[in-house]
Amino acid sequence: MCNKWRQRGISRVPIVHEVLLRSNPGKVSILGDGSVAVEVGGIELGQGLWTKVKQMTAFSLSAIKCDGMGDFLDKIRIIQANTLSLIQEGLTAGSTTSECSCEAVRICCNILVERLTRIKENLQEQMGSVEWGILILEVEVNLLTGQTTILQSDIIYDCGQSLNPAVDLGQIEGAFVQGIGFFMLEEYLSNSDGLVIPGGTWTYKIPTIETIPRQFNVEIMNSGHHKKRLLSSKASGEPPLLLAVLVHCATRAVIKEARKQLLRWKGLNESDSTFQLEVPATMSIVKKLQCLL
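Just so we're clear, the structure is a prediction, and the values are computed from it rather than from any experiment.

Criteria and thresholds
Sequence order as written defines residue numbering, which begins from 1 separately in each chain. This being a predicted model, a pLDDT of at least 70 is required before a residue's local features are given, and a value of 80 or more before pairs of side-chain atoms are given or counted; all residues contribute to the totals for chains, interfaces and linings. To obtain the side-chain values, all non-hydrogen atoms of the structure were included, while hydrogens and water were left out. Under the DSSP-based scheme used, a helix requires at least four consecutive residues in state H or I and a strand at least two consecutive residues in state E, with every element numbered from the N terminus. Any two residues having at least one pair of non-hydrogen atoms within 4.5 Å are treated as being in contact. For the purpose of charge, His is not counted, nor are the chain termini; Lys and Arg are scored as positive and Asp and Glu as negative. Throughout, a charge is located at the NZ atom of Lys, the CZ atom of Arg, the CG atom of Asp or the CD atom of Glu. DSSP bridges decide pairing: two strands pair if at least two such bridges lie between them. Every axis in this analysis is a line fitted to C-alpha atoms, fitted for helices over the stretch in contact. Angles between the N-to-C directions lie between 0 and 180 degrees. Both cavities and pockets are sets of points on a 1 Å grid over the protein atoms alone; in a cavity a 1.4 Å probe fits but cannot get out, in a pocket the set is open with protein on both sides within 12 Å along at least five of seven lines, and lining residues sit with an atom within 4 Å of a point. Grid points are joined across faces, edges and corners, and a volume is the space filled by probe spheres set on the points. Residues are grouped as follows: nonpolar covers Ala, Val, Leu, Ile, Met, Phe, Trp, Tyr, Cys and Pro; charged covers Asp, Glu, Lys and Arg; every other residue, Gly included, is treated as polar. Given a helix with a known number of residues, its expected span is that number minus one, times 1.5 Å. Each residue is assigned to one of three classes by its accessible area relative to the maximum for its type, calculated with a 1.4 Å probe on protein chains only: buried under 20%, partly exposed between the two thresholds, exposed over 50%. Any N or O atom pair separated by 3.5 Å or less is treated as a polar contact, with the protein-specific requirement of one donor-capable and one acceptor-capable atom, and with residues adjacent in sequence counted only for side-chain atom pairs. Disulfide: a pair of cysteine sulfur atoms within 2.5 Å of each other.

Caption draft 1: The arrangement of the overall build of the protein chain in detail. When helices and strands are counted, the protein chain shows five helices and six strands. Ordered by position from the N terminus, the helices and strands of the protein chain form the series β-β-α-β-α-β-β-α-β-α-α. With the principal axes as the frame, the protein chain shows a C-alpha extent of 105 × 60 × 50 Å. Summarising the internal contacts of the protein chain: among those between residues at least 6 apart in sequence, 69% fall at separations of at least 24. Averaged over its 29 positive side-chain charges, the protein chain has a centre that lies 10 Å from the centre of its 30 negative ones.

Below, the structure written as structure tokens:
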């Protein structure tokens, strides 16, 4: 008794409530960008149905164990289904819609995990014969002269278990600079007889010290054991040359924006800014495409 005029009481009442489990449809779609779209038969009424379904999807698909799944929950979208996408949706009642919908989604995810696991294993086997690398760079283009300057490049290259990291590092750097020459400098001119016109570096421009990125970062990644390679090492000679195509792509992006800006100044339609950037994209070609002169 806490007060003469205020009394308290405690009671305990057990309950048994029978619920009916019923079939609920569900559909899980993995899209090309890695996001996931989920549809279930139940309707979100504030009972937290979509929240539980979203969590069940993330939990079930996490069995694939792929890299970059830290923020996987943010890549899942719940879409309100209709009779065109899910036939016989069922009803939202009986206090079991969330559980039944989650079970439907779990079954869908298990099927997807089984399929994707086989694909993942096949890809891992093929990795022994595939070289890969990634490059991010920043270029600066002089709109008046057409000169392209690489301000910074960051390369990550898979060498497996490198036999000699110092040698592989030099191969990666050299191949990349050689690729810059191919995509941006080395114009192979010939006359009507099919003879090569350039007789030396005065007219045939090869990479120089000015071609090298101002800030040149290269990192060798150790991708672990590869049973099909010599001591698990991977090649580092020619493959990094292909990364230099990004210099050409970045230059093209600069030209595209410059042309759009010029068209806006003239009050013209920006859709007329289509063009083709040749390889190699020499200074004269870049300057001509700017349309400033």
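Caption draft 2: Broad picture of the sheet that holds strand 5 (residues 148-158). Read across the sheet, three strands follow the order 4-5-6 without closing on themselves; strand pairing throughout is mixed. The two strands at the open ends of the sheet, each matched to only one other strand, are strand 4 (133-141) and strand 6 (215-221). Taking the axes of each pair of neighbouring strands and ignoring which way they run, one obtains an average angle of 5° across the sheet. Sheet analysis places strand 5 next to strand 6, joined by seven bridges and oriented parallel. Bridge pairing in strand 6 links Ile-156 to Glu-219. Taken strand by strand, helix 3 (residues 165-185) contacts strand 4, strand 5 and strand 6, and its axis lies near 130° from that of strand 6. Sheet contacts for helix 4 (residues 245-266): strand 4 and strand 5; angle to strand 4, the most-contacted strand, approximately 40°.

Caption draft 3: Here's a closer look at the sheet that holds strand 1 (residues 26-30). With mixed pairing, three strands are arranged side by side in an open sheet as 1-2-3. Single-partner strands in this sheet number two, and they are strand 1 and strand 3 (76-80). Across the sheet, the mean angle from the axis of one strand to that of its neighbour is 20°, orientation sign disregarded. Alignment of strand 1 against strand 2 (residues 36-40), held across five bridges, turns out to be antiparallel. Bridging across to strand 2, Lys-27 finds its partner in Glu-39. Running at roughly 135° to strand 3, helix 1 (residues 49-61) makes contact with strand 1, strand 2 and strand 3 of the sheet.

Caption draft 4: Here's a closer look at the layout of surface pockets. A volume near 470 Å³ is recorded for the second largest pocket. In terms of lining residues, the second largest pocket is bounded by 23 residues, among which Thr-148, Met-184, Leu-185, Thr-211 and Met-283 are the most central. Taken together, the residues that form the lining of the second largest pocket break down as nine nonpolar, 10 polar and four charged.

Caption draft 5: Expanded view of helix 3. A rise of 1.5 Å per residue sets the reference length of helix 3, with its 21 residues, at 30 Å; its end C-alpha atoms lie 29 Å apart and thus fit the reference within 8%. Within helix 3, burial applies to Asp-168, Ile-172, Ala-175, Phe-176, Val-177, Gly-179, Ile-180, Gly-181, Phe-183 and Met-184. Of the surrounding secondary structure, the elements contacted by the buried residues of helix 3 are strand 4, strand 5, strand 6 and helix 4. The N-terminus of helix 3 is capped by Asn-164, whose side-chain oxygen sits 3.1 Å from the backbone nitrogen of Ala-166.

Caption draft 6: Focus on the environment of Ser-192. Structurally, Ser-192 is set in the loop between helix 3 and strand 6. With 45 residues separating them in the primary sequence, Ser-192 and Gly-237 have C-alpha atoms 35 Å apart.

Caption draft 7: Summary view of the state of the cysteines. Using the criterion set out here, one finds zero disulfides in the structure. In this model Cys-102 remains outside any disulfide bridge; the closest cysteine sulfur is found in Cys-100, 9.4 Å from its own. Accessibility expressed as a relative area gives 9% for Cys-102, which makes it buried.

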